[in-house]
Amino acid sequence: MLDPKLLRADLDATAARLAVKGYTLDVARFQAMDASRKALQADMEALQNERKLGSKEVGALMKAGDTAGAEAQKAKMSAIGDKLDSAKAQFDALAEELNQWMMEIPNLPHPSVPEGQDENDNQELRVVGTKPEFDFEPVDHVTLAENMGGVDFEKAVAVSGSRFAVLAGQVARLHRALAQFMLDTHTQEHGYQEAYVPYLVQSQALLGTGQLPKFEEDLFKTDSDHYLIPTAEVPLTNLVRDSIVEDLPQQWVAHTPCFRSEAGSYGRDTRGMFRQHQFDKVELVWLTRPEQSWEALETLVSHAEAILKKLGLHYRVVNLCGGDLGFGAAKTYDIEVWLPGQQNFREISSCSNTEDFQARRMQARTRNEQGKPEYLHSLNGSGLAVGRCLIAVLENYQLADGRVAVPEVLQPYMGGLTHIG
RNA sequence: GGAGAAGUGGGUGAGUGGCUGAAACCACACCCCUGCUAAGGGUGCAAGCUGUAACAGGCUUCGAGGGUUCGAAUCCCUCCUUCUCCGCCA
């Protein structure tokens, strides 16, 4: 959520910044709502004050033995009470309307975010490594994994429908090895605290991180009013909701499945396991003091990159343009890995600083140097998407005979195996 | 799932209808005293909204939501959570 003060103090400038993100702020509507909010609040508070003082008067009159006076005063206060009830009802209704409207306004982009409409306008920052050379025609992960009996899409369809996969044998093991390797690297080399978190969360957690109220259609919901997490960012970031945290920064890592209904993306990436309703991800979350978050974003990206470097995968880092930025992000770096099966760079990690956008929704605060509470900053990034990383390893390490070499760093997690298939 | 107890400020914890936004203690900050250390004394210290040049002032908030009342942390109802005991269970 944006700082309401920003809207009151600098409405036009704020609208201009939101426009970079492709969001049109309804300036007139805000001004109208805020003006009546102010008037209603003043009315209501005046009545509350009148009642408070008048009610004390009742007590004083009774103590003085003036029963008749007290009764008369009671009657007067009763009338004030009725007026107050209606003033309060009006105020509450408007405050709720304003709040709902505010909850659907995206975060402001950082000044370093390039302008642009979509992913074509993203800014490539660096390309790391080189494309693997093959002296044969490389195939995609579907062909590779199916040929070694490591994936079965038909069985998955039979069990769960489209956009699910069943992994088997050494491919399933490689998938597990990747997650373990990532978790170990982040906890042992990058200073993260490992967490095991709930996969089912309540709506308020999703409101906190910004998936709700706007993006309900992307989520799976249970009939017990829980939602399946679309990312571990939700439970991890909400670890500090409704609290004042003084020991910052905190770095959390968790390996979880993620569930996305991907409404609106039918027809995209239908082949293979690139886009699934369920996938595993190792998620990194930072909670920082406000002045630390931009440096933390650079560090966070470097941690995600470290995994790709250790795996020897070719990738690039892009700075998302305004139009491609997510709802809560002030700035996002996507990491895209090279997939020989698609002859393309594809997203494998997304690292964002939300500044105080999520913190304000969660009421997550720290204390500044004067000891005053202020919203902390939250960041999140994939370190990495495990399923997509599996695809990358299979396709980049494929051999002419259909087998796949196991990257050296993964071999300890594979019982020393150097090849699968 | 059954029975009982409890939810108050950063923490512990008083408070059963107006004098309580809330005692006391701890933590924290500043000051004083004390030649280290330890200890002692004083002051301040919830948040949000509103308001002010800045103070002041006003309103809200004692798990959540309803209700009773002129007035609710305090009484009533519903819900949630935590703890203890029992049952069940990976």
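Residues numbered from 1 in each chain as written. Chains lettered and ligands numbered in written order. Predicted model: local features only at pLDDT ≥ 70, side-chain atom pairs only at ≥ 80, totals over all residues. Heavy atoms only, no water.

Here we take up the overall build of chain A. Secondary structure assignment for chain A yields 12 helices and 17 strands. Dimensions of chain A, computed from C-alpha atoms along their principal axes, come out at roughly 100 × 45 × 40 Å. Counting across all 421 residues of chain A, residues that qualify as buried make up 50%. Long-range contacts, defined here as pairs at least 24 residues apart, represent 73% of the contacts in chain A between residues at least 6 apart. For chain A, the accessible surface area stands at approximately 19,900 Å², while carbon and sulfur atoms represent 48% of it. Positive and negative side-chain charges of chain A, numbering 42 and 60 respectively, have mean locations separated by a distance of 5 Å. (Helix = DSSP H or I, 4+ residues; strand = E, 2+ residues; numbered from the N terminus. Buried < 20%, exposed > 50% of the residue type's maximum accessible area, 1.4 Å probe, protein only. Contact = heavy atoms within 4.5 Å. Areas by Shrake-Rupley, 256 points an atom, 1.4 Å probe, with all protein chains shown as cover. Lys, Arg positive; Asp, Glu negative; His and termini not counted. Charge placed at Lys NZ, Arg CZ, Asp CG, Glu CD.)

Another aspect to go through is the sheet that holds strand β11 (residues 331-339). Read from one edge of the open sheet, eight strands run β1-β10-β11-β12-β15-β9-β8-β4, paired in mixed fashion. The sheet is open, and its two borders are formed by β1 (123-128) and β4 (193-194), each paired with just one other strand. The pairing of strand β8 (residues 250-259) with strand β9 (residues 278-288) spans 10 bridges and is classified as antiparallel. The partner of W252 across the bridge, within β9, is V285. Strands in contact with helix α10 (residues 293-311) are β1, β8, β9, β10 (315-319), β11, β12 (344-353) and β15 (377-385); relative to β15, the strand with the most contacts, it is inclined by about 5 degrees. Its contacts with the sheet place helix α12 (residues 386-396) against β9, β11, β12 and β15, and it is angled at close to 35 degrees to β15. (Pairing = 2+ DSSP bridges. Axes fitted to C-alpha atoms, helices over the stretch in contact; angles between N-to-C directions.)

Looking now at the packing of helix α2 (residues 11-20) against helix α3 (residues 27-63). Put simply, α2 and α3 touch, their axes get as near as 11 Å, and they point 140 degrees apart. With respect to α3, the element α2 is oriented oblique. Of the two possible hands of crossing, α2 and α3 adopt the one that is right-handed. On the side of α2, the interface is formed by L11, D12 and A15, while α3 contributes V27, F30 and Q31. Across the contact of α2 with α3, the residue classes tally to four nonpolar, one polar and one charged. (Parallel < 35°, antiparallel > 145°, perpendicular 65-115°, else oblique. Left-handed = near helix turned anticlockwise from the far one by under 90°. Nonpolar A, V, L, I, M, F, W, Y, C, P; charged D, E, K, R; others polar.)

With their axes 10 Å apart at the nearest point, helix α7 (residues 169-189) and α12 run at an angle of 115 degrees to one another. Our pair here, α7 against α12, has a crossing hand that is right-handed. Here V171, L174, H175, L178, A179 and M182 of α7 lie close against α12, whose contacting residues are V386, G387, C389, L390, V393 and L394. Partitioning the contact of α7 with α12 into residue classes produces 10 nonpolar, two polar and no charged.

Once that is clear, we can look at the protein's contact with RNA strand B. Around RNA strand B sit 21 residues in total, of which R8, Q41, Q48, N49 and S55 are the nearest. Near-protein atoms of RNA strand B (within 4 Å) split between backbone and bases, with sugar and phosphate holding 67%. Side-chain polar atom of K38 to a phosphate oxygen of RNA strand B: 3.2 Å apart, as the coordinates give it. Every element with two or more residues in the surface near RNA strand B is listed here: α1 (4-9), α3, α4 (67-103) and β13 (364-367). The leading source of residues in the surface near RNA strand B is α3, at 12 residues. (Near = heavy atom within 4 Å. Polar contact = N/O pair within 3.5 Å; in protein donor to acceptor, adjacent residues only side chain to side chain.)

When cut into domains, chain A gives domain 1 (26-103) and domain 2 (119-420). Placing the centre of domain 1 and that of domain 2 at their C-alpha centroids yields a distance of 50 Å. (Domains from an automatic or database assignment.)

Inspection of the entire model under this criterion finds eight aromatic pairs. Judged by centre distance (5.4 Å) and plane angle (70 degrees), the rings of F215 and F327 are edge-to-face. One end of the pair, F215, is in the loop between α8 (203-209) and β6 (227-228); the other, F327, is in the loop between β10 and β11, with 112 residues separating them in the sequence. For F327, a relative accessible area of 11% gives the class buried. Residues F327 and F357 carry aromatic rings whose centres are separated by 5.5 Å and whose planes lie at 80 degrees to one another, so their mutual orientation is edge-to-face. Separated by 30 residues along the polypeptide, F327 in the loop between β10 and β11 and F357 in helix α11 (residues 357-362) bring together distant segments of the chain. (Phe/Tyr/Trp six-rings, centres within 6.5 Å; stacked < 30°, edge-to-face > 60°.)

Moving on, we come to the environment of R37. As for its position among the elements, R37 is in helix α3. Residues R37 and T185 lie 148 residues apart in sequence; the distance between their C-alpha atoms is 51 Å. In this structure R37 touches R8, F91, L94 and L98, once residues within four positions along its chain are discounted.

With that settled, the discussion passes to the sheet that holds β13. Reading across the sheet, the three strands line up as β7-β13-β14 and stay open at both edges, with mixed pairing between neighbours. Every other strand in the sheet has two partners, leaving β7 (243-244) and β14 (373-375) as the edge strands with one partner each. Where β7 lies against β13, two bridges are found, and the strand directions are parallel. Bridge pairing in β13 places I244 opposite R365.

It is worth spelling out the state of the cysteines at this point. All chains considered together, the criterion is met by zero disulfides. Left without a disulfide partner, C258 is nearest to the cysteine sulfur of C351, which lies 14 Å away. Accessibility expressed as a relative area gives 0% for C258, which makes it buried. Take C351: it sits in no disulfide, and the sulfur closest to it among the cysteines is that of C389, at 13 Å. In this structure C351 comes out as buried when scored by relative accessible area, which is 0%. (Disulfide = S-S within 2.5 Å.)

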